[in-house]
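Descriptive structure summary
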Amino acid sequence: MSSSSPNPQVITCKAAVAWGAGEPLVMEEVQVSPPNSMEIRIKVVSTSLCRSDLAAWESHAIFPRIFGHEASGIVESVGEGVTEFKEGDHVLTVFIGECKACRPCTSGKSNICQVLGLERKGLMHSDQKTRFSVKGKPVYHYCAVSSFSEYTVVHSGCAVKVSPHVPLEKVCLLSCGVAAGLGAAWNVANVTKGSTVVIFGLGTVGLSVAQGAKLRGASRIIGVDNNPQKCEKAKAFGFTEVVDPSSYQEPIAQVIKRITDGGADFSFECVGDTDMITTALQSCCDGWGLTVTLGVPKVKPEMSAHYGLFLMGRTLKGSLFGGWKPKSDLPLLVEKYVNKEIQIDDYITHNLPFDDINNAFDLMKEGKCLRCVIHMPR
């Protein structure tokens, strides 16, 4: 049941609640508080499952919790002080916000907002409290979004307005995965025409890096993955060749260096494995080789690499959300999609109703999907 913006009330709705690590999500009736100052409450329309949702769900994180961060919806009500949004606006949620006032936001050099950065405690940025409860007990947020719920509350700085004519069930992928990959290629690495690119991990993010590299005119785009199903699909996204590490006796970094005459110009780690970061570094060339890491590791967050790799001129860079400033840049990506300059639809391998959300987790665990889009009840 909805409530009007002037005096929004608590809403009771369905949400997929994770009660413990790796346990199936349970459909619960949750209470969603009204938006506080500078917050908005959103009726979620579509949300897709990202690998970072899966990784956090499998880890011993904070529970009970409502996961989901790659989403689109319609503003149901707004809190005090919100002037950017009104009831009925179509929006994308974002897991890092943009306050437009802090040092990084005004620097022109970073998208890591000091005020609305990556939220790790399962709480709202503004007051360090939760907006969800089940039978009076708090339920924690995920990445300040929590889109596996029919309604959610986000800070107004963590939402981006889009045209009401844009298909929300498609553009929700720009909330994370597709935008992250395109941005890593364009903003972080600045892939150049005629270059050689190697991408480790052929999920949605890796395939999006390939799309970005292809649009920049890379001459060779080499994919590395040990999942045969992913390897088969890769060439449709711009890969010129795909390498399965299990098919070789020698380390994969040596294979890449051999087939690229000394290493790739650009390498991207899209797996979420710190050992793979080292492999990616070893796979790019001396002098100017650039490695970008995008994955979020489930275990072993520390990495190690021989100093000689850097001494010989290699560079390692991290990428969060592809360097995009969400409010400033996401509307441009949506426009590119509308103008058919970038593709999104082909990343959607499954469309599932909200009640089948556990099936989406199974498909991702088994490596049988790219993006499952979850459709909320109308």
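Shown above is the structure to which this text applies.
Here goes a summary of the coordinates provided. Since the model is a prediction, treat every value here as computed from it, not as a measurement.

The rules behind these values
- All chains use their own residue numbering, which begins from 1 and follows the written sequence.
- Totals for whole chains, interfaces and linings use all residues, but because this is a predicted model, local features are given only for residues with pLDDT of at least 70 and pairs of side-chain atoms are given and counted only at 80 or more.
- To get the side-chain values, all heavy atoms of the structure are used, and hydrogens and water are removed first.
- Helix and strand assignments follow DSSP, with helices taken as H or I runs no shorter than four residues and strands as E runs no shorter than two, numbered in order from the N terminus.
- The buried label applies to any residue whose accessible area, calculated with a 1.4 Å probe on protein chains only, is under 20% of its type's maximum; exposed applies above 50%, and partly exposed to all values in between.
- Here, two residues are considered to be in contact whenever any of their heavy atoms come within 4.5 Å of each other.
- Throughout, the Shrake-Rupley method with a 1.4 Å probe supplies accessible areas, and for residues the shown protein chains are the sole cover considered.
- Within this scheme the basic residues Lys and Arg register as positive and the acidic residues Asp and Glu register as negative, but His and the chain ends are omitted.
- A single reference atom marks each charge: NZ on Lys, CZ on Arg, CG on Asp, CD on Glu.
- Two N or O atoms count as a polar contact when they lie within 3.5 Å, although within protein this holds only if one can serve as hydrogen donor and the other as acceptor, and sequence-adjacent residues are included solely when both atoms are side-chain atoms.
- Every axis corresponds to a line fitted to the C-alpha atoms, with the helix fit spanning only the stretch in contact, and the corresponding angles, defined between N-to-C directions, vary from 0 to 180 degrees.
- Should an angle fall under 35 degrees it is called roughly parallel, over 145 degrees roughly antiparallel, and 65 to 115 degrees roughly perpendicular, with every other angle called oblique.
- Left-handed describes a crossing whose near helix is turned anticlockwise from the far helix through less than a right angle; right-handed describes the clockwise counterpart.
- In this count, Pro and Cys sit with the nonpolar residues alongside Ala, Val, Leu, Ile, Met, Phe, Trp and Tyr, while Asp, Glu, Lys and Arg are called charged and the others, Gly among them, polar.
- Should DSSP find at least two bridges between two strands, the strands are taken to pair.

1. A short note on the overall build of the chain
Counting its regular elements, the chain contains 11 helices and 17 strands. Based on the C-alpha atoms only, the size of the chain along its principal axes is roughly 65 × 40 × 40 Å. Taken over 378 residues, the chain has a buried fraction of 57%. Excluding contacts between residues fewer than 6 apart, the proportion of contacts in the chain whose partners are at least 24 apart in sequence is 70%. Of the roughly 16000 Å² of accessible surface on the chain, a fraction of 52% belongs to carbon and sulfur atoms. Charge-centre separation for the chain: the mean point of 38 positive side chains lies 3 Å from the mean point of 38 negative side chains.

2. As for the side chain of glutamate 39
Examined against the element boundaries, glutamate 39 turns out to sit in strand β3 (residues 39–48). Polar contacts involving the side chain of glutamate 39 include one to the main-chain amide nitrogen of asparagine 36, which spans 2.8 Å. At 2.9 Å, the side chain of glutamate 39 forms a polar contact with the side chain of serine 126.

3. Here's the deal with the packing of helix α7 (residues 252–259) against helix α8 (residues 274–283)
Packing of α7 against α8 leaves a shortest axis separation of 8 Å and a crossing angle of 20°. Viewed along their axes, α7 and α8 adopt a mutual orientation that is roughly parallel. Relative to α8, α7 is oriented so that their crossing is right-handed. Across the interface between the two elements, Ile252, Ala253, Ile256 and Lys257 from α7 touch Thr279, Gln282 and Ser283 from α8. In the contact of α7 with α8, the residues fall into 3 nonpolar, 3 polar and 1 charged.

4. Quick notes on the sheet that holds strand β1 (residues 11–17)
Reading across the sheet, the 4 strands line up as β1-β2-β6-β7 and stay open at both edges, with antiparallel pairing between neighbours. With partners counted over all chains shown, the strands left at the sheet margins are β1 and β7 (137–139), one partner each. Mean inter-strand twist for the sheet, computed between neighbouring axes without regard to direction, equals 50°. For strand β2 (residues 26–32) and strand β6 (residues 132–134), the ladder comprises 2 bridges, and the chain directions are antiparallel. Looking at the pairing, glutamine 31 lines up with serine 133 of β6.

5. Looking at the environment of isoleucine 199
Along the chain, the position of isoleucine 199 falls in strand β10 (residues 196–200). According to the relative accessible area criterion, isoleucine 199 is buried, its value standing at 0%. Each C-alpha atom, one on isoleucine 199 and one on phenylalanine 361, is 24 Å from the other, the two residues being 162 residues apart in sequence. Contact partners of isoleucine 199, with chain neighbours within four places excluded, come to Gly206, Val209, Ala210, Ile221, Ile222, Gly223, Val224, Phe239, Phe268 and Cys270.

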